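# Fold and contact review
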Amino acid sequence: MRRALVCRVSLLALSGLWIANGPAHAVTPLNTYLGPGLPLNDYFPDGIPGQADEPGVTVLTRSRPEYDPLGIRVGSFMIRPTEDEEIGYNSNVVGGLVNPKASSELTSSAGVTVNSDWSRNNIGLSAGVTNDTYFDLPRFNQTGYNASIGGGLNLGRDTLNGSISYLNAYENPYDIGAFGQGTQTQLSAPLNFTDTDFRVSYDTSFGRITITPNVDYQLFRFASGDFLTYNDGIITNNNISGGGLNQRLRDRNVLQGGFIARYEFSHGRDILVVINGNYDHYSNNPPANIGAVDNTGATALAGIDYEVNGVITVRALVGYQQRFFNGNQYGNQGAPIGEANVTWNPTGLTTLRLAYSRTIEDATTDSVTGYTYDRFSGIVDHELYRNILLQGNVHVEKANYQGSNASQTNYGGGGGVTYLMNRNVQLSLSYDFTEQDSTGLGGGSFGRHEVFLHAKFGI
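What this report covers is the structure whose coordinates are included nearby. (Residues numbered from 1 in each chain as written. Predicted model: local features only at pLDDT ≥ 70, side-chain atom pairs only at ≥ 80, totals over all residues. Heavy atoms only, no water.)

## Considering the pattern of salt bridges
- For the coordinates displayed, the defined rule picks out 15 salt bridges.
- The closest approach of N and O atoms between Arg262 and Asp305, which form a salt bridge, is 3.8 Å. Of this pair, Arg262 sits in strand S12 (residues 252-266) while Asp305 sits in strand S14 (residues 295-307), placing them 43 residues apart in sequence. Grouping residues by exposure puts Arg262 and Asp305 together as buried.
- In this structure, Arg323 engages Asp280 in a salt bridge whose closest nitrogen and oxygen atoms are separated by 3.3 Å. Placement of Arg323 in strand S15 (residues 312-325) and of Asp280 in strand S13 (residues 269-282) is noted, with a sequence separation of 43 residues between them.
- The class for Arg323 is buried, based on a relative accessible area of 3%.
- A relative accessible area of 2% means that Asp280 is categorised as buried. (Salt bridge = Lys/Arg side-chain N within 4 Å of Asp/Glu carboxyl O. Helix = DSSP H or I, 4+ residues; strand = E, 2+ residues; numbered from the N terminus. Buried < 20%, exposed > 50% of the residue type's maximum accessible area, 1.4 Å probe, protein only.)

What follows is the structure, encoded as structure tokens:
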């Protein structure tokens, strides 16, 4: 996930503030893009920017104009290029099926965003590339890239928004996912996939009520993958004739659509209702005896965005998600889902964020149809000085797979310090650890420690 987040597209200008949040180690990159409904950032606006004494402003959203890159103005457009270098040590690159293999790492990233500065309408584009080099395990080297363009058209009280984006990224052996049941199977090298995403939404307001219908269409395509299987003490390489196992059975087109309704009953206090439906179509007609099955689904959520007293903000959505699979090979899948987030600013210099979510996710293999995914995180940010920021974090994740007793549990934490040197240079040092326990499926159980030194450059 940490690598996927580097690649994730955005239509917003890159922030000058860069915090060592630490990697969300166990989350497969696909969890960032699949599934209707969550996370909360899809429905709630980001933290309020401003000064320390304004309600809703956190350590991370606080304005620090003296440390923000100025960007390059060309007419009515702002261009913001960035370049990142990250070097460090990973105690276990391969996951838990085989003996841990450590490696030093170098990650180099470059990106650019271009945003209009018009008074009404807006348009923006972004592009980036990231290269990961594992000096002791070169088969894990990978290069991902992304591009996106989108904008909004002001239509009086309404706004039409749209975007097109393309992502080229990788799944890794330590991601949450199942690679076979009965025997333990996992990736032995990164698996390449692409995501082409088309999104349209329409905001319309009626006094205190805002309704946003939206449509999202995604095309997922997978390359072949190299796998190892452990059975009765024997490890087998499933890389057939050097070509890997064909993962094109996982190719699918995902259509989602629905609406978000928001009612502001007082300043800083809203009620939300979310209705969403989806249809997943596997384009290469996979056999009926594997988990890659066409399905339709529906999600209904309701919740609040409630500012308690300017110091505490509560955001929560609860509801139910149901999936119906074609044919009789697999039973339908349904579960209560939701997410809650509490932000507390005990002082102007400290922010505590607690978050819990429960969703249904597509599995990262063609052998199971999906899993319920619970996750909890706690993050503390502290402004030691204006340009020195500290952070500590903990996380727990659990995946329970449909139709079996298979499960994975992750827990871990870490911390970091960021030094805002000037407008153009930011430095950060971070440490994170993860422990994963797996039962009845691939990936095994393992621990991992990571230490990284980051440097970010902006203009």
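## Concerning the nonpolar core
- Counting residues in hydrophobic clusters, the biggest one holds eight residues: Leu167, Ala169, Leu187, Leu191, Phe193, Phe220, Phe222 and Val254.
- Mapped onto this core, the elements with two or more residues apiece are strand S6 (158-171), strand S8 (191-206) and strand S9 (209-222).
- Contacts of Ala169, omitting those with residues within four sequence positions, involve Leu191, Asn192 and Phe193.
- Grouped together as the second largest cluster of nonpolar side chains are seven residues, Tyr134, Leu137, Phe140 and Tyr174 included. (Core = buried A, V, L, I, M, F, W, Y, C linked by side-chain atoms within 4.5 Å. Contact = heavy atoms within 4.5 Å.)

## Regarding the packing of aromatic side chains
- Under the defined criterion, the tally for this structure stands at eight aromatic pairs.
- The rings of Tyr371, Tyr373 and Tyr401 are connected pair by pair, giving a single aromatic cluster.
- Positioned above the aromatic ring of Phe220 is the side chain of Arg252, whose terminal nitrogen or guanidinium carbon lies 5.7 Å from the ring centre. (Phe/Tyr/Trp six-rings, centres within 6.5 Å; stacked < 30°, edge-to-face > 60°. Lys NZ or Arg CZ within 6 Å of the ring centre and 35° of its normal.)

## What to know about the pairing of strand S18 (residues 371-385)
- Here twelve bridges tie strand S17 (residues 350-361) to S18, and the two strands are oriented antiparallel to one another. Paired with Ala355 across the two strands is Ser377, which belongs to S18.
- Summarising the sheet, S18 and strand S19 (residues 388-401) pair through 14 bridges and their orientation is antiparallel. Counterpart to Ile379 in the pairing with S19 is Asn393. (Pairing = 2+ DSSP bridges.)

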